[in-house]
Amino acid sequence: MYRFLLTPRWWGINVFVLLAIPFCIFMGSWQLSRFEDRVQDHRDAGEQATAAKTDPARPLAELLPVDKKTSGKQTTATGRYGKQLLVPDRELDDKRGFYVLTLLRTDDGRALPVVRGWLPGDADPAKAPAAPTGEVTVAGALQASETPGSNGVPAAGGLPVGQTGAISSAALVNLVPYDVYDAWVTLAKADAGMKAVPAAAPADTGLDLKAFQNLGYTGEWFVFAGFVVFMWFRLMRREVEFAQDAELGLVEGTPPDGGKQDGNEADQDRTGEDSDTATADSTKVSASPTA
């Protein structure tokens, strides 16, 4: 009954199934591990943000370059404030406003972008307070350069002079006449008249859309594995049912006994045919006119 499973056609089907099921399970497990890694990163980021509020501030040079471990850490830097820019379309406490960004020129000649605070409404240079003069030491949370179009950072261009859409060295390189650190700092205590901007979690550490995509892909791969098993079983059942129908003569064009007759039935059929032929010949003779 099941000998058809050893035919070349079914060998190909069986090999495909044996390869497809482990592959689907492996991919599903990998996607699940990616989701678990993002969940763990989210927990670590939360714990890191909590610890950063109590950890002592460290010099900027000790925390560069910025990565997931150093992002959000409290840092200090000394220098003189230089060019000031506005960062429009930033929300704080569910209100639309803008950041006041001032470049702090350090002793090594580079400038560190410092977000001195947030103000509500449209970006207006007249609303932004002037930066302190002379040498200052700032303290705040270290942040990685922003990427336009992600984490709430606008991607729109064509901003007026004196504004920037993203806080990053790539965006600022054409707006200021000096080298810029590939990082920025948001002050722990905003300057007078502004609200402090809280530190953002490092990129790819939250339970965002990507994390739930990984979870969705996990379910899809396990469903694919189950579908492969179901289709193999369904094809096998159809093959068995077809073989059973053929044996019972239920397949169109196939006699009940599979096209085989015993000798007695064959002889009876031939005898009947000869008898019919002889009767027809005698009828023809009797119907012929007498000469």
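Right, let's walk through the structure included here. (Residues numbered from 1 in each chain as written. Predicted model: local features only at pLDDT ≥ 70, side-chain atom pairs only at ≥ 80, totals over all residues. Heavy atoms only, no water.)

On to helix H4 (residues 209-247). Across its 39 residues, H4 extends 57 Å between first and last C-alpha, which sits within 8% of the 57 Å expected from 1.5 Å per residue. Note on H4: the residue one or two positions beyond its end, Gly 249, has a positive phi of about 75°. (Helix = DSSP H or I, 4+ residues; strand = E, 2+ residues; numbered from the N terminus. Expected span 1.5 Å × (residues − 1).)

What follows concerns the side chain of Thr 164. With respect to the helices and strands, Thr 164 occurs in the loop between strand S5 (135-143) and helix H3 (169-172). One polar contact links the side chain of Thr 164 to the main-chain carbonyl oxygen of Ala 166, over a distance of 2.9 Å. (Polar contact = N/O pair within 3.5 Å; in protein donor to acceptor, adjacent residues only side chain to side chain.)

Taken across its ten residues, strand S4 (residues 111-120) has nine buried, putting it largely inside the fold. Sheet topology places strand S3 (residues 95-105) next to S4; nine bridges connect them, and they run antiparallel. The partner of Leu 103 across the bridge, within S4, is Pro 113. Judged from the two bridges that link them, S4 and strand S6 (residues 184-187) form a sheet pairing that is parallel. By the bridge assignment for S6, Val 115 is matched with Thr 186. (Buried < 20%, exposed > 50% of the residue type's maximum accessible area, 1.4 Å probe, protein only. Pairing = 2+ DSSP bridges.)

Moving on, we come to the pairing of S6. In the case of a regular strand, side chains alternate between the two sheet surfaces. The alternating pattern of S6 places Trp 184 and Thr 186 on one face and Val 185 and Leu 187 on the opposite face, and all of these are buried. Direction of pairing for S5 relative to S6: antiparallel, over a ladder of four bridges. Among the inter-strand pairings, Gly 140 is bridged to a residue of S6, identified as Leu 187.

A few words on a nonpolar patch on the surface. Among the surface-exposed residues, Leu 6, Trp 11, Val 15 and Leu 19 lie close enough to one another that they form a single nonpolar patch of about 450 Å² accessible area. Following the sequence through the fold, Leu 6 ends up in the segment before helix H1 (8-52). (Patch = residues over 30% accessible without salt bridge, like charges linked within 9 Å, V, L, I, M, F, W, Y side chains within 5 Å. Areas by Shrake-Rupley, 256 points an atom, 1.4 Å probe, with all protein chains shown as cover. Salt bridge = Lys/Arg side-chain N within 4 Å of Asp/Glu carboxyl O.)

The next point concerns the pattern of salt bridges. Per the counting criterion, the structure on display carries eight salt bridges. With a closest N to O distance of 3.5 Å, Glu 62 and Arg 58 form a salt bridge. It is possible to trace a salt-bridge network through shared partners that takes in Asp 89, Arg 96 and Asp 122.

Judged by nonpolar contacts, the single largest core of 16 residues is most densely connected at Tyr 99, Leu 101, Leu 103, Val 115, Ile 167 and Leu 172. Of all elements in the fold, only strand S2 (74-92), S3 and S4 reach the threshold of two or more residues within this core. Beyond its immediate stretch of four places on either side in the chain, Ile 167 contacts Val 87, Tyr 99, Leu 101, Pro 113, Val 115, Ser 145, Glu 146 and Trp 184. Among the nonpolar cores identified, the runner-up in size contains 15 residues, and Leu 63, Ala 77, Tyr 81 and Val 138 belong to it. (Core = buried A, V, L, I, M, F, W, Y, C linked by side-chain atoms within 4.5 Å. Contact = heavy atoms within 4.5 Å.)

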